[in-house]
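As a plain string of letters, each chain reads:
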Amino acid sequence: MSNLSYKNQRILIIFLFSLVPVVLLLTFSYLPVIKMFQYSFTSWDGFSKNMEYVGFDNYKTIFTRPEYFAVFKVSLYYFFATFVQMGLALYFATILSFNVRLKNWFKGILFFPTLLNGVAIGFIFLFFFKPEGTLNTLLDLAGLGAWQQKWLLNPHLINISLAFASVWRYMGMNFIIFLGAISSIGSDIYEASEIDGANRWHQFRHIILPSIKRILQLNLILAVSGAIGVFEIPYVMTGGSNGSSTFVIQTVDVAFKYSKLGLASAMAVVLLGIVIIVTILQRVLIKEEK
């Protein structure tokens, strides 16, 4: 009888500990998503008690007015920047997986931006790209004053500058993931390859890349999804002005600047659908090897 009571107590304790995160998950994740779908079929300003049901009118507005999808061209800058980001992260992860001097120091330097708040990074790069800021000062000191630009005022350079800031911020996370995957490769494999005359390039091509293929695919999915839903850096640095607005920034403006919460909810649903479709396509195109 005591054993049964002890088992029941353990089950009760496990249930209570599991109940808290489940309630938080339902309250702050699933419930808002359900309400978002509900609001997307209404015309609501976010304040009035009455919500007018409009059916699919919000979705018709999004798909029939090209300006809502025109901002996705800005995401292309971040999309191409993700390949630069992943390339640099893989490069440094590969180098620092071998015995090099000060490798722990370099690991800390590369991972440090990931620890910073996105708003803080936005303000750092806002000063960095100012006409009299850090970048132009360094160019002047290096004798490259002719290369000085108004980085955040030039429509042709603003999105490249913002994408560069995103690369600096998120590369550390990719670096740590790649480094963990590469470190899991047994040292005996490298030793055997060195006996066969393999150099570092051969080890990278024939050992490291095949071993971390699954991690590369995962990082690619996360990177593309992040490029579609980019928000923090451009919102903090420019507020979406001068041609730097993304779909998420536009959604926030529609909701809180123009008080069209129903339309903004429909835009959020469309963005969620796009991310899901892109993820499924990537999983189909990058099939798991049997």
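As named in an unreviewed UniProt entry, the chain is Carbohydrate ABC transporter membrane protein 1, CUT1 family, taken from Paenibacillus typhae. Its UniProt record gives the chain the following Subcellular location (unreviewed entry) comment, quoted word for word: "Cell membrane".

Once that is clear, we can look at the overall build of the chain. The number of helices and strands found in the chain is 14 helices and 2 strands. For the chain, the spread of C-alpha atoms along the three principal axes comes to 85 × 75 × 35 Å. A total of 290 residues make up the chain; the buried ones form 35% of that total. Pairs at least 24 apart in sequence give 66% of the contacts found in the chain among residues at least 6 apart. Roughly 18,200 Å² of accessible area belongs to the chain as shown, and the carbon and sulfur atoms make up 68% of that amount.

Nonpolar side chains in soluble globular proteins tend to end up buried together. Ranked by size, the top nonpolar core spans 22 residues in total, and within it Ile62, Tyr68, Phe247, Val254, Leu263, Met267 and Leu271 carry the most contacts. For this core, the secondary structure elements donating two or more residues are helix H1 (2-39), helix H2 (57-64), helix H11 (213-228), helix H13 (247-257) and helix H14 (261-285). When residues of this core are assigned to their parent elements, the largest contribution, 8 residues, is made by H14. Ignoring sequence-local partners within four residues, the contact set of Tyr68 consists of Thr61, Ile62, Phe247, Gln250, Val254, Leu263 and Met267.

Right, let's talk about the packing of aromatic side chains for a bit. Taken as a whole and judged by the stated rule, the model has 22 aromatic pairs. Between Phe98 and Tyr190, the ring centres sit 5.6 Å apart and the planes meet at 70 degrees, which makes this aromatic pair edge-to-face. Residue Phe98 is located in the loop between helix H4 (72-96) and helix H5 (103-115), and its partner Tyr190 is located in helix H9 (residues 187-195); the two are separated by 92 residues in the primary sequence. A network of ring pairs unites the aromatic residues Phe125, Phe128, Phe129, Trp151, Phe164 and Trp168 as a single cluster.

As annotated in UniProt, the feature "domain: ABC transmembrane type-1" (unreviewed entry) corresponds to residues 71-282 in the numbering used here. Note that residues 71-282 is 75% helix and 0% strand, and that its end C-alpha atoms are spaced 22 Å apart.

Here we come to unusual backbone geometry. Here Leu102, not a glycine, exhibits a phi torsion of approximately 60 degrees, which is positive. Mapped onto the elements, Leu102 comes out in the loop between H4 and H5. Looking at Leu102, the relative accessible area reads 58%, which means it is exposed. Within the chain, Ser259 stands out as a residue other than glycine whose phi angle is a positive 55 degrees. Structurally, Ser259 is set in the loop between H13 and H14. Accessibility expressed as a relative area gives 29% for Ser259, which makes it partly exposed.

Taking the numbering used here, the UniProt-annotated feature "transmembrane region" (unreviewed entry) corresponds to residues 12-31, 76-98, 110-129, 157-182, 215-237 and 261-281. As a span, residues 12-31 carries 100% helix and 0% strand, and end to end its C-alpha atoms are 26 Å apart. With 91% helix and 0% strand, residues 76-98 has its two end C-alpha atoms placed 34 Å apart.

We now examine the domain arrangement of the chain. By the assigned domains, the chain splits into domain 1 (6-40) and domain 2 (64-285). The distance between the C-alpha centroids of domain 1 and domain 2 comes to 33 Å. Opposite the 4 residues of domain 1 that make contact, domain 2 presents 6 residues. When domain 1 packs against domain 2, the two sides together hide about 470 Å² of surface, and 84% of this comes from carbon and sulfur. Linking domain 1 to domain 2 there are 0 salt bridges.

So, about the pattern of salt bridges. Enumeration according to the criterion identifies 3 salt bridges in this entry. Glu67 serves as the salt-bridge partner of Arg65, at 2.7 Å between the closest nitrogen and oxygen. Judged by its relative accessible area of 38%, Arg65 falls in the partly exposed class. In this structure, Arg169 and Glu232 form a salt bridge, with 2.2 Å as the shortest nitrogen-oxygen distance. Linking Arg169 in helix H8 (residues 158-183) with Glu232 in helix H12 (residues 232-237), this pair joins segments that are 63 residues apart in sequence. Since its relative accessible area comes to 29%, Glu232 is described here as partly exposed.

Quick notes on the rules
Residues numbered from 1 in each chain as written. Predicted model: local features only at pLDDT ≥ 70, side-chain atom pairs only at ≥ 80, totals over all residues. Heavy atoms only, no water. UniProt positions renumbered as here; feature names shortened; annotations may be inferred. Helix = DSSP H or I, 4+ residues; strand = E, 2+ residues; numbered from the N terminus. Buried < 20%, exposed > 50% of the residue type's maximum accessible area, 1.4 Å probe, protein only. Contact = heavy atoms within 4.5 Å. Areas by Shrake-Rupley, 256 points an atom, 1.4 Å probe, with all protein chains shown as cover. Core = buried A, V, L, I, M, F, W, Y, C linked by side-chain atoms within 4.5 Å. Phe/Tyr/Trp six-rings, centres within 6.5 Å; stacked < 30°, edge-to-face > 60°. Domains from an automatic or database assignment. Buried area = accessible area lost by both parts, 1.4 Å probe. Salt bridge = Lys/Arg side-chain N within 4 Å of Asp/Glu carboxyl O.

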